[in-house]
Amino acid sequence: MTFNKETIIQILKDPGGVTEYKSKRWANRTLIYRMLQALYARQTGFEQEIEATTENNGIGFNGADSHFLSSVAKNSRPYGNLTSKQCEHVARRLIKYARQLEDIALTKLQQQLPLCGYCKQIGHAQQDCKEYQLKEMQRKLLQQEAKQMQLMDTKSYHD
Ligand SMILES: [Zn+2]
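In this text, all values refer to a predicted model and were calculated from it rather than measured experimentally.

Basis of the calculations
Residues numbered from 1 in each chain as written. Predicted model: local features only at pLDDT ≥ 70, side-chain atom pairs only at ≥ 80, totals over all residues. Pairing = 2+ DSSP bridges. Helix = DSSP H or I, 4+ residues; strand = E, 2+ residues; numbered from the N terminus. Buried ≥ 20, exposed ≤ 12 C-beta atoms within 10 Å, placed from the backbone. Arc of directions from axis to C-beta.

1. Considerations on the pairing of strand β2 (residues 24-27)
Of the strand pairs in this sheet, strand β1 (residues 18-21) and β2 are connected by four bridges, and their pairing is antiparallel. Bridge assignment links Val18 to a residue of β2, and that residue is Ala27. Connecting the antiparallel pair β1 and β2 is a turn made up of two residues, with Lys22 showing a positive phi of about 50°.

2. Focus: helix α1 (residues 5-12)
When we look at burial in α1, the residues that qualify are Ile8, Ile11 and Leu12. The buried side chains of α1 occupy one side of the element, clustering within an arc of 100° when seen end-on.

3. Regarding unusual backbone geometry
Residues other than glycine seldom take positive phi values, yet Lys22 does so here, at roughly 50°. Of the residues examined, Lys22 has 6 C-beta atoms within 10 Å and is grouped as exposed. Even without a glycine there, the phi angle at Ser23 is positive, about 50°. Its 5 C-beta neighbours within 10 Å are what place Ser23 among the exposed residues.

Structure representation (structure tokens):
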């Protein structure tokens, strides 16, 4: 499963369900809580303060939802989750933010994905790079060979 607009909507339409992600099973309620917090974090500080959206910038909550979603986001934080009742209400309202939630998921994913310093590909770190490991192995073999040659040289010199 990857987070995109479609899978996000699926989760939002099934607030009582379970979703498998990275070989773990997540209660949709927990995922929806995180979506809500992620959107809330996108609002500017001032907008968070007054629990409303002053500018319609397509970031964070907008218009009619703003007060309700902001207040649930704030009040649920100490519990680290939503009640099932809260979750139902929040999920229904978050569907129209699926596009924004997809954006957030993509940005987070890009931040999480390491960039290989060796082959410059995204998705693995240098120490996990197959190309790098192969090159390292060859380098070590050559080093060993060179050492053995040296040893043989000195030996034959002393003989
Ligand atoms: Zn690499």
